[in-house]
Amino acid sequence: MERLLADCVNFAQRLIRTPSMPRQETALAELVANEMRSQGFDEVWLDGLGNVSGRIFGHDRSLGGLVLNSHLDHVDPGDLSLWSFPPYSAEIVDGTILGRGACDIKGPLAVQIYSMVGLLRQGQRPRRDVIFTGVVEEEIGGAGAIYWTENLDYPVDLIVLGEPSSNHISLGHRGLLQIWVTFSGRSVHASVPLAGANPNFALSIFLNRLKKKQGELESHPLLGPTTVTPTIIEVDTVSMNVTPAWTRVLLDIRTATESPKSLQSFVRKVAEDLKPAISDAWAPEPGTPLPESDEKIFGYYTSPDSEIVGKVRQILNRGMGWEPELSSYQFATDGRHFIPCGATIIGYSPGEEDLAHTVKERIAIDMMADSLRGHMQLLREF
Ligand SMILES: [Zn+2]
């Protein structure tokens, strides 16, 4: 186990030292493919979009596969002066690996692959086929996951996401959609504002009411409260001395308790007498299906009562020596793109969610060790 963990940590460091921004994942995909080849995986292949996969055969090849999924890309490190360490050096300090991608998702990716290596080194086989899949472009909408799902040609029973879950089991996240709310007025020269009707004032009333009424939205017991968050504000004018004819705000909505229809009525209720134009709700990322207008919206959601979840929880308990909790993600994941596969989807990963996308990104090596044991037990028993 010592040797396996050391090799896994070394692999995670090499992954972090190979930057892989969205659409620039080729070098990383090659690194992952070569590692799987050199560690004796039964099959390794790249698909037409640059996703990389590797398989080890199980004892019973008639069972649906177990997929361990990570993405290959990461977000930009941003302003380097805000980092207290170089983002791509993968230094180890106080038992943690530091760097962009350490917890989201290269540390977990290394654990997924080395759990498969661990079995091979012990001369064991998993119960069923295990397939590692590293997909491209998760951080910019999930084109890699969508392509993988559309081209899937083998049965899959369980998909494990490597998105940071602190070694707990994440059962889903809220769905994501957006609505534009547009306020119209009458544009005039800014020197004579009373001659026109400035829609910015209606917008400000709307935003104040929206803040107060957030609490009226429902909360899902596991996935959390619905949030409606103003992000972008636009006006028609580009002249500094002209009042706008219209001003609009984009609402970023995360929900597991509302439908597109009920969200539109909520926005209409908040706006009341202001009577803005309210757009249809739409999914902000290409390929994300939006449910029928009165169906509730989920990113992905696996019931805590599912038989597979209960079984996986016991197996991970045996592997790690402690029982993982059932939790959920705040952020969206590729999990939602895997729904058409019909497999059970869970997150299980040694990364910590609140370190993802930050300048403090890191992963604790002892959490990687726990997760290696959990994953290896899952491979043997599931
Ligand atoms: Zn991620």
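Quantities reported herein were computed from a predicted structural model and do not represent experimental measurements. (Residues numbered from 1 in each chain as written. Predicted model: local features only at pLDDT ≥ 70, side-chain atom pairs only at ≥ 80, totals over all residues. Heavy atoms only, no water.)

Trainee: How do you make sense of the packing of aromatic side chains when you look at a structure like this?
Mentor: Aromatic ring pairs: the centre-centre distance and the angle between the two ring planes describe each pair. Summed over the entire model, instances satisfying the criterion amount to 6 aromatic pairs. When the centroid spacing of 5.7 Å and the interplanar angle of 50° are considered together, the rings of Phe 11 and Tyr 114 count as tilted. Of this pair, Phe 11 sits in helix α1 (residues 2-16) while Tyr 114 sits in helix α3 (residues 102-121), and the two are 103 residues apart along the sequence. Grouping residues by exposure puts Phe 11 and Tyr 114 together as buried. Here the basic side chain of Arg 55 rests over the ring of Tyr 154, its NZ or CZ set 4.6 Å away from the ring centre. Taking the ring centre of Trp 180 as reference, the NZ or CZ of Arg 248 above it sits at 3.5 Å. (Phe/Tyr/Trp six-rings, centres within 6.5 Å; stacked < 30°, edge-to-face > 60°. Helix = DSSP H or I, 4+ residues; strand = E, 2+ residues; numbered from the N terminus. Buried < 20%, exposed > 50% of the residue type's maximum accessible area, 1.4 Å probe, protein only. Lys NZ or Arg CZ within 6 Å of the ring centre and 35° of its normal.)

Trainee: Sorry if this is basic, but what is going on with helix α8 (residues 365-381) here?
Mentor: For an α-helix the count is 3.6 residues per turn, leaving residues at separations of three or four pointing the same way. A rise of 1.5 Å per residue sets the reference length of α8, with its 17 residues, at 24 Å; its end C-alpha atoms lie 24 Å apart and thus fit the reference within 8%. With 13 of 17 residues buried, α8 is to be regarded as a mostly interior element. (Expected span 1.5 Å × (residues − 1).)

Trainee: How should the packing of helix α2 (residues 26-38) against α3 be read in this particular structure?
Mentor: Describing two packed helices takes the angle between their axes plus the distance from one axis to the other. Put simply, α2 and α3 touch, their axes get as near as 11 Å, and they point 25° apart. With respect to their mutual orientation, α2 and α3 come out roughly parallel. Once α2 is placed against α3, the crossing between them reads as right-handed. Every residue of α3 that contacts α2 at Leu 28, Val 32, Glu 35 and Met 36 is listed here: Lys 106, Leu 109, Ile 113 and Tyr 114. In terms of residue class, the contact of α2 with α3 is made up of 6 nonpolar, no polar and 2 charged. (Axes fitted to C-alpha atoms, helices over the stretch in contact; angles between N-to-C directions. Parallel < 35°, antiparallel > 145°, perpendicular 65-115°, else oblique. Left-handed = near helix turned anticlockwise from the far one by under 90°. Contact = heavy atoms within 4.5 Å. Nonpolar A, V, L, I, M, F, W, Y, C, P; charged D, E, K, R; others polar.)

Trainee: Help me out: how do you make sense of the nonpolar core in this one?
Mentor: Most often, soluble globular proteins have nonpolar side chains that are buried together. Judged by nonpolar contacts, the single largest core of 58 residues is most densely connected at Phe 11, Val 32, Ile 97, Ile 113 and Met 368. Of the residues forming this core, the biggest block, 11 residues, is contributed by α3. Core analysis: the next-biggest nonpolar cluster, separate from the first, contains 22 residues, Ile 179, Phe 183, Leu 251 and Val 267 among them. (Core = buried A, V, L, I, M, F, W, Y, C linked by side-chain atoms within 4.5 Å.)

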